[in-house]
Amino acid sequence: MATLKFVPLQHASSPNSPASSFAGFTLLLPAVSIGNVGQLALEALTLTYALDKVGYIHDPDVLPVCGADALAQSEADQCGSLTIALEVFASAQRKVVIVQQRSPVVRAARGAFCERVLRWAAEQRVQHVMLLSSSRSYLRSDAQLQGSQLRYLTTANSASAASALIEAAEKLGIVAWGSDVDTANATMEEADIESVRMAQVLARRISSGGITNALLATYAGTVGKPAPADEAKTRGAGTGVSVVSTGGMSSSAAPAAASAASSSSATPAPAASAPAAAAQYPFSLFALIAFSSEGANTTDGLAMAAAADAVLAAAQGSQPHKGTWSTPLSWEHLFGPPADSSLYL
């Protein structure tokens, strides 16, 4: 059975590093998605917050990758540590832990990977999990072309615990995913506008969003899943998946949501009772999603970093970052080194 293993760094012993666990921290994760916006945002946050690298994560369903230090800020720093697929950065002072992901998850294993990540977060006793993701900008409706190009998404069983994050996002002008979908095309026969809106929301799932759909569906469907020791007793009890909802999502969308969840996850999670849910996942799940296209996405990354920082500050009762964002040297060469000028002489 595949397992997720956290390997702490032995030398991560600065006063800023967490002593043993991430209890009470906010965990930030990227989705390897269109434009890599979440990954870029986390690079800016890691450097600006001056987080320590505290370990690595090994998971067999994440494609292996190895390269030069992606966070080096000068040429002199480029002989530093290697960059691999999953790296962990944290700060005890800021109560933040970031898992930076450099390569995608095997598509057929997304559901299993998401369950392992959520279980690890529960073991670490984090308070919130924030996913930074993106979706194809050409799928926007006319109404979505103006205003903030960020959206938030949470689940019905997480909305209460994530209320501070939702409130902070809405103060920034970030609305719930799907809440601004145009319903003007609803016919007279389709009198239930909410049902029409829900159908449109589900039809506009997060496209090219990496693990976003699977993570939300896994959280919504397995909240309440019994502890591993009791799984055998309830196996086969059902395969219903709870609706993945935004602020106004109604339970009438459950069948379509279950279909969307099962297409995002290799194996739908068993249904279970609500009391056990809190015991397994004692944290909220909150996603920030940027409309994006492939290209030079550093601006998108900084916009998401600023939004995530503001939401994080509101959740922690602190002040958001003011000033410029620190970025790595690699951002200057996203499209390779400049052409040799002698070619044109």
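Everything below is about the structure shown above.
A brief look at the structure comes next. (Residues numbered from 1 in each chain as written. Predicted model: local features only at pLDDT ≥ 70, side-chain atom pairs only at ≥ 80, totals over all residues. Heavy atoms only, no water.)

### A few points about the overall build of the chain
A tally of regular secondary structure across the chain gives 9 helices and 11 strands. The burial tally for the chain puts 50% of its 345 residues in the buried class. Counting only contacts in the chain whose residues sit at least 6 apart along the sequence, the fraction spanning at least 24 positions is 82%. Here the chain displays about 16100 Å² of accessible surface, and carbon together with sulfur accounts for 55% of that area. (Helix = DSSP H or I, 4+ residues; strand = E, 2+ residues; numbered from the N terminus. Buried < 20%, exposed > 50% of the residue type's maximum accessible area, 1.4 Å probe, protein only. Contact = heavy atoms within 4.5 Å. Areas by Shrake-Rupley, 256 points an atom, 1.4 Å probe, with all protein chains shown as cover.)

### Re the environment of Ala 68
Mapping Ala 68 onto the fold places it in the loop between strand 4 (66–67) and strand 5 (83–84). Measuring from C-alpha to C-alpha, the distance between Ala 68 and Ser 330 comes to 9.8 Å, with 262 residues separating the pair along the chain.

### A few points about the packing of helix 3 (residues 163–171) against helix 9 (residues 298–316)
Closest axis-to-axis distance for the helix 3/helix 9 pair is 8 Å, and the angle between their directions is 135°. The pairing of helix 3 with helix 9 is recorded here as oblique in orientation. Crossing of helix 3 against helix 9: the hand is right-handed. In this structure, helix 3 uses Ala 164, Leu 165, Ala 168 and Ala 169 to contact helix 9, whose residues at the interface are Ala 310, Val 311, Ala 314 and Ala 315. In the contact of helix 3 with helix 9, the residues fall into 8 nonpolar, no polar and no charged. (Axes fitted to C-alpha atoms, helices over the stretch in contact; angles between N-to-C directions. Parallel < 35°, antiparallel > 145°, perpendicular 65-115°, else oblique. Left-handed = near helix turned anticlockwise from the far one by under 90°. Nonpolar A, V, L, I, M, F, W, Y, C, P; charged D, E, K, R; others polar.)

### What about the packing of aromatic side chains?
Going through the model one piece at a time under the given rule, you end up with 9 aromatic pairs. Between Tyr 219 and Tyr 281, the aromatic rings sit 5.7 Å apart at their centres with planes inclined by 15°, giving stacked as the arrangement. Placement of Tyr 219 in helix 5 (residues 212–222) and of Tyr 281 in the loop between helix 8 (274–280) and strand 11 (284–292) is noted, with a sequence separation of 62 residues between them. Among the residues examined, Tyr 281 registers a relative accessible area of 3% and is labelled buried. Ring geometry for Tyr 281 versus Phe 283: centroids 5.7 Å apart, planes at 45°, classification tilted. Judged by its relative accessible area of 4%, Phe 283 falls in the buried class. Aromatic ring contacts, followed pair by pair, group Phe 6, Phe 22, Phe 25 and Trp 120 into a single cluster. (Phe/Tyr/Trp six-rings, centres within 6.5 Å; stacked < 30°, edge-to-face > 60°.)

### Some points on the nonpolar core
If you look at the biggest cluster of nonpolar residues, it comprises 41 residues, and the most contacted ones within it are Phe 22, Leu 27 and Phe 283. At the level of elements, strand 2 (26–30), strand 3 (52–58), strand 6 (86–91), strand 7 (96–101), helix 2 (110–124), strand 8 (128–136), helix 5 and strand 11 are the ones that each hand at least two residues to this core. Leu 47, Leu 71, Leu 132 and Ala 305 belong to the second-largest nonpolar core, a separate cluster that totals 36 residues. (Core = buried A, V, L, I, M, F, W, Y, C linked by side-chain atoms within 4.5 Å.)

### Digging into the pattern of salt bridges
Counting across every chain of the model gives 6 salt bridges. Between Lys 53 and Glu 87 there is a salt bridge, with the nearest N and O atoms lying 3.0 Å from each other. With Lys 53 in strand 3 and Glu 87 in strand 6, this residue pair connects regions lying 34 residues apart in the sequence. Summarising the burial analysis for this pair, Lys 53 and Glu 87 share the class buried. Here the residues in one salt-bridge network are Asp 59, Asp 61 and Arg 116, joined through shared partners. (Salt bridge = Lys/Arg side-chain N within 4 Å of Asp/Glu carboxyl O.)

### Regarding the environment of Ala 121
With respect to the helices and strands, the residue Ala 121 is situated in helix 2. A relative accessible area of 1% means that Ala 121 is categorised as buried. As a C-alpha pair, Ala 121 and Leu 27 span 94 residues in sequence and 7.7 Å in three-dimensional space. Excluding anything up to four places from it in sequence, Ala 121 contacts Leu 27, Val 126, Val 129 and Phe 283.

### Examining helix 1 (residues 37–48)
Here helix 1 is 12 residues long and its end C-alpha atoms lie 17 Å apart, about the 16 Å a rise of 1.5 Å per residue gives. Within helix 1, 12 of the 12 residues are buried, leaving the element largely enclosed by the surrounding structure. Burial in helix 1 covers these residues: Val 37, Gly 38, Gln 39, Leu 40, Ala 41, Leu 42, Glu 43, Ala 44, Leu 45, Thr 46, Leu 47 and Thr 48. Next to the buried residues of helix 1 lie strand 2, strand 6, strand 7, strand 8, strand 11 and helix 9. Following helix 1 by one or two positions, Ala 50 adopts a phi angle in the positive range, close to 55°. (Expected span 1.5 Å × (residues − 1).)

### Here we look at the pairing of strand 7
Looking down a regular strand, the side chains alternate between one sheet face and the other. Most of strand 7 sits inside the fold, with 6 of its 6 residues counted as buried. Burial along strand 7 is two-sided: Val 96, Ile 98 and Gln 100 facing one way and Val 97, Val 99 and Gln 101 facing the other are all buried. Alignment of strand 2 against strand 7, held across 3 bridges, turns out to be parallel. If you follow Leu 28 over to strand 7, its bridge partner there is Ile 98. Sheet analysis places strand 6 next to strand 7, joined by 6 bridges and oriented antiparallel. Following the sheet pairing, Val 88 is matched in strand 7 by Val 99. The loop that links strand 6 with its antiparallel partner strand 7 comprises 4 residues; one of these, Lys 95, has a positive phi angle of about 60°. (Pairing = 2+ DSSP bridges.)

### Thoughts on the side chain of Ser 91
You can see Ser 91 is positioned in strand 6. Residue class for Ser 91 comes out buried when judged on its relative accessible area of 1%.

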